[in-house]
Amino acid sequence: MTPHQKPSLAVLRRLWPYVRPVHGRLLGSGVAALAAMLAGLGIPVLIQHLVDGPVAHRDRAGLVVLSLGVLALGMVEAGLIYLRRALVARPSTDVEKRMRAQLYHHLQRLPVAFHDRWPSGQLLSRAVSDLTTIRRFVAFSGIFLVVNVTTVLVGLVVLVVIAPTLGMLPVIMAMPLVVLCRRYERRYESAARRAQDQVGDLATRVEEATLGIRVLKSFGHGPRATRTFLAQARELRHTELTKVAVLAALWAVIIVLPELTLAAMLAIGCYAVVAGSMSLGTVVAAITILTYLRWPLDSLGWLLAETGKATAATTRYCEVLDTIPAVGDPPQPQALARPMRGALRLEAVRFRYPGAASEVLRSVDLDVQPGETVALVGATGCGKTTLTALIPRLADVTGGRILLDGVDVRDLALADLRTAVATGFEDPVLFSASVRENVALAVPDASDDEVRRALAVAHAEQFVDALPWGLDTRIGEQGLTLSGGQRQRLALARAVIGKPAVLVLDDPLSALDVHTEAEVEAALRTVLRGVTALVVAHRPSTVQLADRVALLAGGRITAVGTHAELLVQVPEYRRLLSAVDDAVVAR
Amino acid sequence: MTEDWRGVAAEDLDAIDTAIGLRLAARSRRLLGSLLRPQLRGVCVAIVLLIADQLALLAGPLLIAAAIDRGIPATLAGHPATLAWCIAGYAVAGASDALIVRAFLRLSGRMGADVLIDLRERVFAQIQRLSLAFHERYTSGRVISRLTSDLDSLQELLDEGLDGLFSILSIISIGTMLMVLDIRLGLVALAGFIPLGLLTRWYRRRSQHTYRRTRRWIAQVIVQFVETMNGIRAVQAFRREPRNASIMARLNDSFADAETEANWLIARFTSTVRVVASVSIAVTLLLGGLRVLEGTLTLGVLTAFVLYLRRFYDPLDELAMFANSYASAAAALEKISGLLEERPTVGDPVAPVPLPVPVRGEVVFDQVRFSYGGGREVLPQLDLVIPAGQTVALVGATGAGKSTVAKLLARFYDPVAGAVRLDGVDLRSVADADLRRAVVMVTQESFLFSGSVADNIALGCGCSSGQSASRSEVVAAARAVGADEFITALPDGYDTDVRKRGARLSAGQRQLVSFARALLADPAVLVLDEATSSLDIPSEQAVQAALTTVLAGRTALIIAHRLSTVLIADRVLVLADGAVVEDGPPTHLIAGTGPFATLHSTYRATLLA
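Values in this document were obtained by computation on a predicted structure and should not be read as measured data.

Caption draft 1: Looking closely at the overall build of chain B. The helix and strand inventory of chain B stands at 21 helices and 10 strands. Radius of gyration (C-alpha) of chain B: 35 Å, far over the 25 Å computed for a compact globule of 609 residues. Viewed in the frame of its principal axes, chain B has a C-alpha envelope of about 120 × 55 × 55 Å. Buried positions account for 51% of the 609 residues belonging to chain B.

Caption draft 2: Layout of the overall build of chain A. Per the secondary structure count, chain A includes 22 helices and 10 strands. Expected size for 587 residues packed as a compact globule is a radius of gyration near 25 Å; at 35 Å, chain A overshoots this value by more than 25%. Viewed in the frame of its principal axes, chain A has a C-alpha envelope of about 115 × 55 × 50 Å. Look at the contacts in chain A between residues 6 or more apart in sequence, and 78% of them connect residues 24 or more apart.

Caption draft 3: Main features of the packing of helix α6 (residues 120–162) of chain A against helix α11 (residues 294–321) of chain A. Residues and elements named next belong to chain A. The geometry of α6 relative to α11 is characterised by a closest axis approach of 7 Å and an angle of 145° between their N-to-C directions. Of the two elements, α6 crosses α11, and the hand of that crossing is left-handed. A class-by-class count of the residues in the contact of α6 with α11 yields 14 nonpolar, seven polar and six charged.

Caption draft 4: The arrangement of the sheet that holds strand β10 (residues 579–584) of chain B in detail. Residues and elements named next belong to chain B. If you trace the six strands from one edge of the open sheet to the other, you get β6-β7-β8-β3-β9-β10, paired in mixed fashion. Here the strands that pair on one side only, and so sit at the sheet edges, are β6 (439–442) and β10. Strand-to-strand twist across the sheet, computed as the mean angle between neighbouring axes with direction ignored, equals 20°. Pairing of strand β7 (residues 525–529) with strand β8 (residues 555–559), which is carried by five bridges, proceeds in the parallel orientation. By the bridge assignment for β8, Val525 is matched with Thr555. Contacts from helix α12 (residues 402–409) reach β3 (391–395), β6, β7, β8 and β9 (571–576) within the one sheet, and its direction differs from that of β8 by about 150°.

Caption draft 5: Examining helix α4 (residues 60–109) of chain A more closely. Its 50 residues place the ends of α4(A) 74 Å apart at the C-alpha level, agreeing with the 74 Å of an ideal helix rising 1.5 Å per residue. At A:Ala89, α4(A) is deflected by roughly 35°, the largest bend along its length, and proline A:Pro91 occurs up to four residues later in sequence.

Caption draft 6: Inspection of the interface of chain A and chain B at higher detail. If you look at the interface, chain A gives 159 residues, while chain B gives 155 residues. The class makeup of the residues in the side of chain A that touches chain B is 87 nonpolar, 40 polar and 32 charged.

Caption draft 7: Fine view of the pairing of β8(B). Residue and element names in this part refer to chain B. Burial of β8 is extensive: five of the five residues sit out of reach of the surface. Because side chains alternate across β8, one face comprises the buried residues Thr555, Leu557 and Ile559, and the other comprises Ala556 and Ile558, equally buried. Examined bridge by bridge, β3 and β8 share four bridges and lie parallel to one another. Bridge pairing in β8 links Thr391 to Ala556.

Caption draft 8: Expanded view of the nonpolar core. Ranked by size, the top nonpolar core spans 377 residues in total, and within it A:Leu266, A:Leu376, A:Val377, A:Ala493, B:Ile457, B:Ala516 and B:Val527 carry the most contacts. A per-element tally of this core places helix α9 (residues 222–275) of chain A first, with 23 residues. Sequence-distant contacts of B:Ile457, that is, excluding residues within four places in its chain, are made with B:Val474, B:Ala477, B:Ala478, B:Val513, B:Ala516, B:Arg517 and B:Leu520.

Caption draft 9: Quick look at the confidence of the model for chain A. When pLDDT is averaged along chain A, the result is 87; 96% of the residues meet or exceed 70. In this model, residues 581–587 of chain A is a region of pLDDT below 50 whose contacts with residues beyond four sequence positions or in other chains number eight contacts.

Caption draft 10: Geometry of the sheet that holds strand β3 (residues 373–377) of chain A. Residues and elements named next belong to chain A. Sheet architecture is open: six strands sit in the order β6-β7-β8-β3-β9-β10, paired in mixed fashion. Edge positions in the open sheet fall to β6 (421–424) and β10 (556–561), since each of these has one partner strand only. Averaged over all pairs of adjacent strands, the angle between their axes in this sheet comes to 20°, without regard to strand direction. Across five bridges, the pairing between strand β7 (residues 502–506) and strand β8 (residues 532–536) is parallel.

Caption draft 11: Structural view of unusual backbone geometry. A:Arg338 connects to A:Pro339 through a cis peptide bond whose omega is -10°. With respect to the element layout, A:Pro339 can be found in the loop between α11 and β1 (344–351). Cis geometry is adopted by the peptide bond preceding B:Pro358, which originates at B:Val357 and carries an omega value of -10°. Relative to the assigned elements, B:Pro358 resides in the loop between α11 (299–341) and β1 (363–371). The phi dihedral of B:Gln367 is positive, around 45°, even though this residue is not glycine. Mapped onto the secondary structure, B:Gln367 falls in strand β1.

Caption draft 12: Focus on the pairing of β7(A). Residue and element names in this part refer to chain A. Buried residues dominate β7, accounting for five of its five residues. The two faces of β7 match: Val502, Val504 and Asp506 on one face and Leu503 and Leu505 on the other face are all buried. Looking at chain direction, β6 and β7 are connected through four bridges and run parallel. Residue Thr423 lies in a different strand from β7, and its bridge partner there is Val504.

Caption draft 13: Region of the structure containing the packing of helix α3 (residues 23–55) of chain A against α11(B). One can describe the packing of α3(A) onto α11(B) by two numbers: an axis separation of 11 Å at closest approach and a directional angle of 170°. In terms of orientation, α3(A) and α11(B) fall into the roughly antiparallel class. Contacts between α3(A) and α11(B) involve A:Pro44, A:Ile47, A:Val51 and A:Val55 on the former and, on the latter, B:Leu299, B:Leu302, B:Thr303, B:Val306 and B:Arg310. Here the residues of the contact of α3(A) with α11(B) sort into seven nonpolar, one polar and one charged.

Caption draft 14: Representation of the environment of A:Leu567. With respect to the element layout, A:Leu567 can be found in helix α20 (residues 563–569). Linking A:Leu567 and A:Leu577, residues 10 residues apart in sequence, is a C-alpha distance of 8.0 Å.

Caption draft 15: Just the environment of A:Ala553, in detail. Residue position: A:Ala553 is located in strand β9 (residues 548–553). Ignoring anything within four residues of it in the chain, the contact list for A:Ala553 reads A:Gly378, A:Cys382, A:Thr558 and A:Glu572.

Caption draft 16: Broad picture of the confidence of the model for chain B. Residue and element names in this part refer to chain B. A residue-level look at chain B finds 94% of positions with pLDDT of 70 or above and a mean pLDDT of 85. Below a pLDDT of 50 lies the segment residues 1–19, which in the model reaches 30 contacts outside its immediate sequence neighbourhood of four places, other chains included. Reported for the predicted complex are a pTM of 0.89 and an ipTM of 0.90.

About the thresholds
Residues numbered from 1 in each chain as written. Chains lettered and ligands numbered in written order. Predicted model: local features only at pLDDT ≥ 70, side-chain atom pairs only at ≥ 80, totals over all residues. Helix = DSSP H or I, 4+ residues; strand = E, 2+ residues; numbered from the N terminus. Rg over C-alpha atoms; globule rule 2.2 N^0.38 Å. Buried ≥ 20, exposed ≤ 12 C-beta atoms within 10 Å, placed from the backbone. Contact = placed C-beta atoms within 7 Å. Axes fitted to C-alpha atoms, helices over the stretch in contact; angles between N-to-C directions. Left-handed = near helix turned anticlockwise from the far one by under 90°. Nonpolar A, V, L, I, M, F, W, Y, C, P; charged D, E, K, R; others polar. Pairing = 2+ DSSP bridges. Expected span 1.5 Å × (residues − 1). Bend = angle between axes of the 7 residues up to and from the residue. Core = buried A, V, L, I, M, F, W, Y, C linked by C-beta atoms within 7 Å. pLDDT = per-residue confidence, 0-100. Parallel < 35°, antiparallel > 145°, perpendicular 65-115°, else oblique.

Encoded structure:
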């Protein structure tokens, strides 16, 4: 169905690096499975002997011995079953664990642009349900696929040796069987792929519905959201039914072809016996062998389906893993001179979002002297936030360069760069962890004193102390139990705790109310002393923290100067900042 | 294991299953029962199919035997018809087997899918019903794990479920057959079920505990994963990756350990089942053989016994696997049923009182007291009357209770005592759909859903069931708040995908979209909670200009930290510690000497500096 479907084997080979450390145990498990199957086949044979021999011949001692033989064989089988499972108990979960850790590690390195593009449910479904599928394949279906195919092949060889004429029939039957199996397996795999994608979409829908619960509730949108979700779930159901239909057809083929072959063997064999060209014993032996192959053959339907699922899961997993982080450490990172001066320089910086038609930033030049605070002003959506993201390399410039103490930020190790540059986001991004953990994000081993100092700077100490468990209070998801002003103050504390050389603050005072704005402003003023800072501002009050102001318009810095200068000289700036709501005030 | 990094305030992770295990198991069974009940007919058909399949399977060997024992001699004697019939019969049996299996798989697959979609809908609808207070402590990661990995466990059970049923049928029928053949030997064979019963009980207990752990840890893994991906900007900017990786490693380890333990348990369980079966077969053989030797049992009966015996114990392996899937699914169902059992603290009324049509919009807070989760009282006693059509601005320091007042009016919470009334009707008596049409709240977060800009605005459409807003209505709403300009400049205009959480738009643009959404909703009462924080001055002015026209004839409650927004109000309320300390028209208050006048002069100073 999908035109570029790669062969399953080529896809599954990608699992090898994770399977390699445990491949010995997997092999052992396979051998145990095979041996258990043989032992299982041996038991009826032994029972037959027992009935035909000792019981028929009234041999009491023989009866006891053979009964013990049956017991022993049963014990061996049980032991082998234990071995088969025990050998993979740890390795299979290890494979899953390693793959998940690797995916998580990789996702943390992939740039923000990747995350904006990929629905989070798709990432999550890869990290959870796809890996569960792969674990099951490694622990179970993969092993049995190999074991059962081997058994069938060995059985066929034995058959051909014992009865060459009759043995040819299953060999002939095998050809359409293989062709049909392959066809169905591919169809199953593409349906499995679709189903797993839909599972991811559903997860995305669920995540949005919980994170956006306030909006949904306040518009009474819940019932409609449920309907949309249900419609999507129905699509998944439809795909699941397609999967089932393909599997059912595959299974029917896998049953009917051997059965018809057996019927043909029976016919040819019996008529050959009648004609005197074959012994009855040969016919019985051939049929018996084919009956023994029944379970390994039958189970192929299910095993192929599992393989299809595992292939789809591996493809999905690898899609993410094969995405090369566009922003990464340079091959030979340069070191920053210590102590840092904190000179920030933007040279002809350009930026275009992937897939966008036009550039957001077209040649931005800006010099921020060590210790200086520059405010960045511009209309809503003009690219201020984009610009701030380029400095800590949350995205890379698409033209020009950004220099930190004269070194291109792309030549620095990411860890060094992001230690030197701290960012305060407009949307504070809090985690459902303690206040301490949230503030000390960049310095996990920070002492209480350091955390408190940072909180004090952000004027957050007072409200944090008023929380039920102080620093240990767990902030709800996204921190939505706090007010906007409280969240922004925590974000500020977080930005200053690592004592960065450069601070990039995106509208740090937007959500502070009039009561606290003045306080935090005062605090910020002390923070900004001695630190190089680029501060995005919408408000005159924020702009006043800056030594100079840069106006961003049309993707360029069109004016630089002090607030007072720009107010007088630049009409655009006046429109943006001094349009002091006189009209309203006068009302 | 303590979750120190999540703070001591972290809720007990087993909070939803602190009740006795038995009660939990009963609850999961009830849920499973209610899910399976609609499938009863299907299950009956499936059983019929299984029996038919069993007959087709039994016919095969008999036909082969007939072909050899009777067909060949008959053909030799010149009557080829018997052999031909036997062979044809075998082919037909084989083909029917295949067709029956196909029908069975399709049927059981459809039933499984139906059960899953039923449960998905129930859980999702429940999530929408549950109050904010619940969501604030439960976290989205856990909701997601309920609806994803927990459902996967159930799916596994459903995939295997009917096989398990078949195993039980098979064991019962063969057991009966054994008893009929020879009661004494039959009892010996059945004696094996005593240790098997004990074994199963042991396994159930142990695996339940283990699977509960797997469910809990995978939920933690999901929570960590979801939070990392949602906060990736902060994660990368603050070099949180190594710490995250170590947290994830610990959770992932714990999950893998629990899974491994479950694997060990299955290994022990299935192999011990085999041991019991082997002992039972050997003992039966020995005793049966001895009795044949004594002459108290015929050889034919022993042969039949032995043939049946093996088939008697074969389904036990499947049954063991079924027990395993059941244990895993039961742990998942425990969590899901717990979620379903939660009752919204803010629930729909049993007997809703209709609001007058049209809604006038008079709001009354009558002796309202409120505290979050029994903590400090945020509102000790609030009395407030907002006449229909009035625009009220709430002003006050952080923690004064502004947002609480807004949330009570939007009925995100219910007051602890007293009542909030809209046009004289207690909000608790208003049907949710009616309330949401009448009162709309725009919050500070301006959450956007993936989809187009138009979709996001149209979400506000107050029109009833399913019907969505026309493009012209969407555009009109966007124009009214001054968002039209930037939207049309986007690559696909109103059809532009806003990407995850609106990542394509700036914070200010997202707020404008939220505003347009609220305008489109056209409510009688509009509540704005810090809804303009990210706007620049020109945008904010556009919004204010829009508000002055939009708010005409509407009741509005505005929380704004900017006095410019406050000044468009008809009336200002200054809150302190949950009480109104100043109340009056803004111009009037400015002229006075109260807290608002002080605030206003500070504000003028920052603007004009």
